[in-house]
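Reading the structure
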Amino acid sequence: MEFNENFILGCSAIGAGLALIAGIGPGIGQGIAAGHAAAAVGRNPGAKSDITSTMLLGQAVAETTGLYGLLIGMILLFVKPLLP
Amino acid sequence: MGQGILLSAAADVDFMVHGLFSYKFFGHTVWITTTHVCLLIVILFLIGFSIVAGRVMKHATEIPSGFQNVVELIVEMLDKMVGSTMGKHAGPFLNYIGTIFIFILISNFSGLFGLRPPTADYGVTLPLGLATFTLIHYNKFKYQKVKGVIEGLCSPWPFWAPINMIGDIAVPISLSLRLFANVLSGTVMMALVYGLLSKIAVIWPAVLHVYFDLFSGAIQTYVFCMLTMTYITDARTTE
């Protein structure tokens, strides 16, 4: 069966869109981290700078899985590995 | 048509690495790319900064003034960061962590000056990850000895060893991919803004630059150094 180039590119675009669903996870995770950090600052305002840096570190690590999805999407869109 | 569907103004959007010229190296074609040039600019800047800093510190005065203030501030900040994370293991790593911190930071910031950040190329971040990997395992074998390493690999049960091994190998890959993907996503976003919205891209992209280049770059630099330090401290800790 023969597929033409446009069909493959269209499917790549759909695949890239599906890959970016991975963005949901880090969104929820970072939101939870930020919410708990806000609660922690409310309990102990003196430790604000420590809490903020810990929160940012944790969020940056939690972001990783979303970035993997982004990477897959970019590879599908711009490197076009599926084209013959 | 074909590829035009994917990115309607594809000609204006440019964030890829370009080859500048190629040469033969033992029968392989090797390219000098834009990454090399940007890396060279960053390194020349850092070398110039170090030479000036060294000259200033040679005539250091008791009460710091001018440029000496800046240099002392940077060194003290790095010392504090490494010291508070690594504790008694900090000594030998002050120089290494300080070096990669300044290098990655300036690389990420270089997007502000119109360069393509060198860290948006996987060929730059993978060696950084591999350096961390080498340090982790060198220190592991040095401090926990072969017996401790095998025990660590076989915990909690011996048949867990392959999974622990995969976990070890994933460390440099996830470290380097995290830095690479973050900087690349910033680069792509800025390229899209300047390429597709070039008619109205006046002044307001500065806000995006502050987020993608300064904030994201600084956070990712901090995360990379922090994780490197945590892993090395873990490897050097013997129970």
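Our subject is the structure that appears above.
To start, this report covers the structure provided alongside it. Computed from a predicted model, the values in this text were never measured in an experiment.

Before going further, it helps to spend a moment on the overall build of chain A. Looking only at helices and strands, chain A features four helices and zero strands. Listed by position from the N terminus, the elements making up chain A come as α-α-α-α. Taken along the three principal axes of its C-alpha coordinates, chain A extends 65 × 15 × 15 Å. Of all 84 residues assigned to chain A, the portion counted as buried reaches 25%. When the accessible surface of chain A is split by element, carbon and sulfur atoms take 70% of a total near 5100 Å².

Time to look at the packing of aromatic side chains. Residues and elements named next belong to chain B. Counted by the stated rule, this structure contains eight aromatic pairs over all chains. Centre to centre, the rings of Phe-25 and Phe-26 are 4.9 Å apart; their planes meet at 70°, and the pair counts as edge-to-face. Classification of Phe-25 by relative accessible area gives partly exposed; the value is 46%. Members of the aromatic cluster, connected to one another through ring pairs, are Trp-157, Phe-159 and Trp-160.

Okay, the pairing of strand β2 (residues 28–33) of chain B next. Walk down a regular strand and you will see the side chains alternate between the two sheet faces. All names here are of chain B. Strand direction decides the pairing type here: strand β1 (residues 19–25) and β2, joined by six bridges, are antiparallel. In the sheet register, Ser-22 faces β2, and the bridge partner there is Trp-31. Between the end of β1 and the start of β2, which pair antiparallel, lie two residues, with Phe-26 showing a positive phi angle near 50°.

Okay, helix α4 (residues 122–153) of chain B next. Residues and elements named next belong to chain B. For α4, built from 32 residues, the straight-helix expectation of 46 Å at 1.5 Å per residue is missed by more than 12%, its first-to-last C-alpha distance being only 29 Å. Where α4 bends most, at Lys-145, the angle is about 105°. Turning to α4, its buried residues are Val-124, Thr-125, Leu-128, Gly-129, Thr-132, Ile-136, His-137, Asn-139, Lys-140, Gln-144, Gly-148 and Val-149. Looking at the buried residues of α4, the elements they touch are α1 (34–58), α3 (94–109), α5 (161–196) and α6 (205–236). Taking the backbone nitrogen of Gly-123 as reference, a side-chain oxygen 2.9 Å away marks Asp-121 as the first, capping residue of α4.

A few words on the side chain of Thr-132 of chain B. Residues and elements named next belong to chain B. Its place among the elements puts Thr-132 in helix α4. By relative accessible area, Thr-132 is classed as buried at 0%. Within polar-contact distance, the side chain of Thr-132 engages the side chain of Thr-228 at 3.4 Å. Setting aside its immediate chain neighbours within four residues, Thr-132 contacts Tyr-96, Leu-175, Phe-224 and Thr-228.

Listed per partner, the contact involves 19 residues of chain A and 22 residues of chain B. Note on chain A versus chain B: buried area summed over both sides is about 1800 Å², and carbon and sulfur give 79% of it. Counting the surface chain A buries against chain B, the share from its top three residues, Leu-57, Leu-71 and Phe-78 of chain A, is 27%. Scanning the region where chain A abuts chain B turns up one residue pair in polar contact (both at pLDDT 80 or more). Those elements that place two or more of their residues in the side of chain A that touches chain B are α1 (5–19), α3 (48–62) and α4 (64–79) of chain A. Broken down by element, the side of chain A that touches chain B gets its largest block of residues, eight residues, from α4 of chain A.

This brings us to the packing of α4 of chain B against α5 of chain B. Residue and element names in this part refer to chain B. In contact at an axis separation of 8 Å, α4 and α5 are set at 155° when each is read in the N-to-C sense. On the basis of the axis angle, α4 is roughly antiparallel to α5. At the point where α4 passes α5, the crossing takes the right-handed sense. Class assignment of the residues belonging to the contact of α4 with α5 gives a composition of 17 nonpolar, seven polar and two charged.

All names here are of chain B. At a minimum axis separation of 9 Å, α3 and α6 run at an interaxial angle of 160°. When the axis of α3 is compared with that of α6, the two are roughly antiparallel. Note on packing geometry: the crossing formed by α3 with α6 is right-handed. Together, Tyr-96, Ile-97, Ile-100, Phe-101, Ile-104, Leu-105, Asn-108 and Phe-109 of α3 and Asp-213, Leu-214, Gly-217, Ala-218, Thr-221, Tyr-222, Phe-224, Cys-225, Thr-228 and Met-229 of α6 make up the contact between the two elements. Of the residues contributing to the contact of α3 with α6, the split by class is 13 nonpolar, four polar and one charged.

The grouping of Leu-20, Phe-21, Tyr-23, Phe-25, Phe-26, Val-37 and Ile-41 of chain B at the surface amounts to a nonpolar patch, some 740 Å² of accessible area in total. Mapped onto the nonpolar patch, the elements with two or more residues apiece are β1 and α1 of chain B.

Our focus in this paragraph is the environment of Val-70 of chain B. Residues and elements named next belong to chain B. Mapping Val-70 onto the fold places it in helix α2 (residues 67–86). A residue is classified by how much of its surface remains accessible, and Val-70, at 38% relative accessible area, is partly exposed. Between the C-alpha atom of Val-70 and that of Phe-103, which follows or precedes it by 33 residues, the distance is 17 Å.

So, how was this worked out
- Residues numbered from 1 in each chain as written.
- Chains lettered and ligands numbered in written order.
- Predicted model: local features only at pLDDT ≥ 70, side-chain atom pairs only at ≥ 80, totals over all residues.
- Heavy atoms only, no water.
- Helix = DSSP H or I, 4+ residues; strand = E, 2+ residues; numbered from the N terminus.
- Buried < 20%, exposed > 50% of the residue type's maximum accessible area, 1.4 Å probe, protein only.
- Areas by Shrake-Rupley, 256 points an atom, 1.4 Å probe, with all protein chains shown as cover.
- Phe/Tyr/Trp six-rings, centres within 6.5 Å; stacked < 30°, edge-to-face > 60°.
- Pairing = 2+ DSSP bridges.
- Expected span 1.5 Å × (residues − 1).
- Bend = angle between axes of the 7 residues up to and from the residue.
- Contact = heavy atoms within 4.5 Å.
- Polar contact = N/O pair within 3.5 Å; in protein donor to acceptor, adjacent residues only side chain to side chain.
- Buried area = accessible area lost by both parts, 1.4 Å probe.
- Axes fitted to C-alpha atoms, helices over the stretch in contact; angles between N-to-C directions.
- Parallel < 35°, antiparallel > 145°, perpendicular 65-115°, else oblique.
- Left-handed = near helix turned anticlockwise from the far one by under 90°.
- Nonpolar A, V, L, I, M, F, W, Y, C, P; charged D, E, K, R; others polar.
- Patch = residues over 30% accessible without salt bridge, like charges linked within 9 Å, V, L, I, M, F, W, Y side chains within 5 Å.
- Salt bridge = Lys/Arg side-chain N within 4 Å of Asp/Glu carboxyl O.

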